[in-house]
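A closer look at the structure
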Amino acid sequence: MGSILIEISRSGNKPHEYKNFSMTKIPKEILKNVFGFDSFKTLQGEIIDHAVAGGDALILMPTGGGKSLCYQIPALCREGVGVVVSPLIALMRDQVEALNQLGVRAEVLNSSLTQVQIRAVEQKLLKGLLDLVYVSPEKLLTEGFLNHLSQCKLSLFAIDEAHCVSQWGHDFRPEYLKLSVLKDRFANIPRLALTATADGPTRKDIIERLDLKEGRLFISGFDRPNIKYSIVSKDNSKHKLLKFIEDNHVEDSGIVYCLSRARVEATAKWLTEEGFKALHYHAGMDKFHRQTNQDKFLKEEGIIMVATIAFGMGIDKPDVRFVAHLDLPKSLESYYQETGRAGRDGLKSAAWLAYGLEDVAKISNFIESSNAKEGQKRIERQKLDALLGYCETTRCRRQVLLEYFDEKLLDPCGNCDTCIEPVKCFDATVATQKALSCVYKTEERFGASYVIDVLLGNNTERITNFGHHKISTFGVGKEYSKDQWRSIFRQLVAKRLLLVDIEGHGGYRLGENCKSIFRGEETVLLREEIFSKKTGRSKVKKSKKQKTHTTLSNKEDENLFQTLRTHRLELASEQKVPPFVIFHDTTLLEMVQTRPATITAFGQLSGVGKAKLERYADSFLAFINKSM
Ligand code: ADP
Ligand code: ZN
C-alpha cells in the first residue's frame, strides 16, 4: 500500500475523508512527507532498509529511541497492511490517533470495540484499505482473525513490547508465547520484534520463543542522555520529593511510583493538598476510574500521576518531565524501564529515587517467600544486589546503569547527582568492624534499627530484655548519628558484607567476605552522605513561582510557548485526542525559536509532515505572526 491518504476532515467526530497524495516508496521521503522529519535517528535507516527488503529482526532500542518508525515506514513502503501486535489498549489507541493525524490509514482491533466497529475495521482490512492495523495478541490469535489475515496482502508483522514473551521480564504475557504461530502460518512475511528491555536472558528468550534466529539483531545504545538521575536517602522522603518538584517541576507532568495501593492513594491526596494536580492509579481501582485518571493524565497538562507499577507500560506520553520513585523498584531493569517514561521527546527530564533499608528487607522477603524455584530466586537476588550497588555507587550513575546492560560509557556523564556533586569517601574500616561485630554479638538476628541502637548505646527496653546492654559493642558507635549509621549499613548491604536475613525477619547475617575485615587486612571506603539537617521546605509558594521552560530564555518566548500550548490544547479537546498527537513540545519550541512566517517555513519544522501542514499551519502561523 504505497499510497498515503491525507485526511481532510478537521473534526474527530466527522467520518474520515481522505485525499489521495501520490507517494513514493522511498523511506527517506516518507520520513519527510508523512512524519515531517529530516533524518533518521541511529539505526532507524538500517533497520528500515532491512525490513523493506523483507528481513526479520529483533530491535532493542531505548524508550524514546524511535522504534515506531522502524515498522511504520516499512509498512508504508511495502505492499499490503502492516499488523502491529501490542499488549496495551491505551498504547494502540494513541499510536493510531497519532497516525491518523499524519494521514496514515490505521485502525485498532481489540476488546474495547463494539461488534459493529470490529466488523467495519475487518471490512476495511479485507478490502485493502488499511496501511496499519494494531491488534491485541488475544484478537490476533483467534482462528477467525488469522483466517482473515490469510486472505489479505500483508506487508509485515511488528511485535511491540516483545519482552512480554519472556518470563524473566517483568511483564510476562502467556499469550505472547503463542505468537510463534506467525512464522508457521505466514512464512514469507517479515516479523519485527521490538523492545526497550535490554538484558541478556530476556534477549535470548525473545529470539528463541519468537523463532527469530534467522533474523538480524539491532541494538542501539541504551543511554538516555536527557534524563538526569538522582538518588536520595529515604529519611524525610516526602519533604524531599516536595522540594524536588517545587524546585524543578512546577506545572510539569510527572509520575510518582509507590509500592502499595494504600501509599499511592495517600501520596496523591497529600500532593493534592499541597496544591498539585495529582491523580492516582493502581490495579485495585475499578476500570472506569482507572481509565478516567489515565485519560486525564494524557489529555490535560501538568498532571502528576501517583501509581503502582500497574501504570505505565504503553503510556506513550512524550512530555513526562519527571519520574520519581518513593519506594525502591524491583530491579535495575524495572528502574530503567520506569524512569525511561520520562522525556521521550528528548527534552530535559529527571529520574528521582528515595531509597532506604526497609525497602531492601521488603524486597528480600518478597523474593524468599515466593513460590519460585531456587534458580529463579537466585537471579532475583542478583538483580536486587545490582540495584543496591547502583544506589550506593560513588561513580557516575549513568556509567553503572549502562554497564548493567553491557554498554560502556567512556566518560562520566555530567548529568547525574554523583557527577554534579561528586561523592566524598571516608575510611570506614573501623566503623565497618564495629557494625559487623555488633551484628555478630547480637547473634545475627536483628535489623538496622536495633543494631544501631546498640551501637549508639541506647538503653531501650528491648535491648535490656535481650541483655545486649552488656555486650562489648554497646555504645561503641557514638561518633556517628543514627542517619549516618543507616547509610553505613545500607552500603555494607550493597557490598554484601551484610546479608539481609532470608528467614524473612529482615535481620542481618554476616557476609562471607567479612573475615579479612575483622583481621584488618582490608580497607573499607564508604561514601560520605551529604547529611541533610532536616530538609526544610522551600519558602516560596508554588503559585508565586514563575514557571519557565528550561530551554526558553526570555519572557516573550515563554508567552508565545504558552499561547501555542493553549491553542494545541483547544484543538486536542475539540478532537478528543491528547495534545501531543497534534504537535510535540519539541515542535512548539521550534516554532518559538524560529518564528516561521510562511507556510513553506512552517513545513520545515521537525514534526510537520504534509497532513499536519495542511491541517494546522494556518492557525499556528496566525498566533506566531501576532507575536512578532
Ligand atoms: P519508542 O517507541 O522507541 O519509545 P517513539 O517511536 O515513540 O519511540 O519515538 C520517540 C520520539 O522520537 C517521538 O517523539 C518521535 O516522534 C521522535 N522521532 C522518532 N524518529 C525520529 C526522527 N527520525 N527524527 C526526529 N524525531 C523522531
Ligand atoms: Zn554521571
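Just above sits the structure.
Since this is a predicted model, take the numbers as computed values, not measurements.

1. A closer look at the coordination of the zinc ion (ligand 2)
The protein atoms that coordinate the zinc ion (ligand 2) are Cys396 (SG), Cys413 (SG), Cys416 (SG) and Cys419 (SG), at distances of 2.3 to 2.4 Å. Because the angles between the four donor atoms bound to the zinc ion (ligand 2) fall within 103 to 118 degrees, the donor set is best described as tetrahedral. One chain supplies every donor for the zinc ion (ligand 2), spaced along it as C-x16-C-x2-C-x2-C. The class for Cys413 is partly exposed, based on a relative accessible area of 23%.

2. Some points on the environment of Phe466
In this fold, Phe466 is placed in helix α21 (residues 461-466). Relative accessible area serves as the criterion here: at 36%, Phe466 is assigned to the partly exposed category. Remark: the alpha-carbon pair of Phe466 and His148, spanning 318 residues in sequence, is separated by 73 Å. Among all residues touching Phe466, those that are not within four sequence positions of it are Arg445, Phe446 and Tyr450.

3. Quick look at the pairing of strand β8 (residues 191-195)
Where burial is concerned, most of β8 is hidden: five out of the five residues are buried. The alternating pattern of β8 places Arg191, Ala193 and Thr195 on one face and Leu192 and Leu194 on the opposite face, and all of these are buried. Pairing geometry for strand β3 (residues 57-60) and β8, over four bridges, is parallel. Residue pairing in the sheet places Ile59 in a bridge with Leu194 of β8.

4. Overview of the site of ligand 1
As a structural note, the neighbourhood of ligand 1 is formed by 15 residues, with Gly64, Lys67, Ser68, Arg344 and His584 the closest of them. Within the contact set of ligand 1, a nitrogen atom lies 2.9 Å away from a backbone nitrogen or oxygen of Ser39. Contact with the protein chains removes 83% of the 570 Å² of surface that ligand 1 exposes when unbound. Grouping the constituent residues of the shell around ligand 1 by class yields four nonpolar, eight polar and three charged.

5. A few points about the sheet that holds strand β10 (residues 227-233)
Spatially, β10-β15-β14-β11-β13-β12 is the arrangement adopted by the six strands of the open sheet, whose pairing is parallel. The outermost strands of the open sheet, each flanked by one partner alone, are β10 and β12 (278-281). Averaged over all pairs of adjacent strands, the angle between strand axes in this sheet comes to 15 degrees, irrespective of strand direction. With five bridges connecting them, strand β11 (residues 253-257) and strand β14 (residues 320-325) associate as parallel partners. By the bridge assignment, Val256 is partnered in β14 with Ala324.

6. Remarks on the environment of His469
Inspection of the secondary structure assignment puts His469 in the loop between α21 and α22 (482-494). Judged by its relative accessible area of 26%, His469 falls in the partly exposed class. In this structure, His469 is in contact with Asn459, Ile463, Thr464 and Phe474, ignoring residues within four places of it in sequence.

7. Topic: the sheet that holds β8
Reading across the sheet, the seven strands line up as β5-β6-β4-β7-β8-β3-β9 and stay open at both edges, with parallel pairing between neighbours. Pairing within the sheet leaves two strands with one partner each, and these edge strands are β5 (106-109) and β9 (216-219). Strand-to-strand twist of the sheet, defined as the mean angle between neighbouring strand axes without regard to direction, takes the value 20 degrees. The sheet contact formed by β5 and strand β6 (residues 132-135) spans four bridges and is parallel.

Conventions and cut-offs
- Residues numbered from 1 in each chain as written.
- Chains lettered and ligands numbered in written order.
- Predicted model: local features only at pLDDT ≥ 70, side-chain atom pairs only at ≥ 80, totals over all residues.
- Heavy atoms only, no water.
- Donors = N, O, S within 2.8 Å, 3.2 Å for Na, K, Ca; no water.
- Tetrahedral: all angles 85-135°; square planar, octahedral: opposite > 155°, others 65-115°.
- Buried < 20%, exposed > 50% of the residue type's maximum accessible area, 1.4 Å probe, protein only.
- Helix = DSSP H or I, 4+ residues; strand = E, 2+ residues; numbered from the N terminus.
- Contact = heavy atoms within 4.5 Å.
- Pairing = 2+ DSSP bridges.
- Near = heavy atom within 4 Å.
- Polar contact = N/O pair within 3.5 Å; in protein donor to acceptor, adjacent residues only side chain to side chain.
- Areas by Shrake-Rupley, 256 points an atom, 1.4 Å probe, with all protein chains shown as cover.
- Nonpolar A, V, L, I, M, F, W, Y, C, P; charged D, E, K, R; others polar.
- Axes fitted to C-alpha atoms, helices over the stretch in contact; angles between N-to-C directions.

These results come straight from atomic positions and should not be treated as a statement about function.
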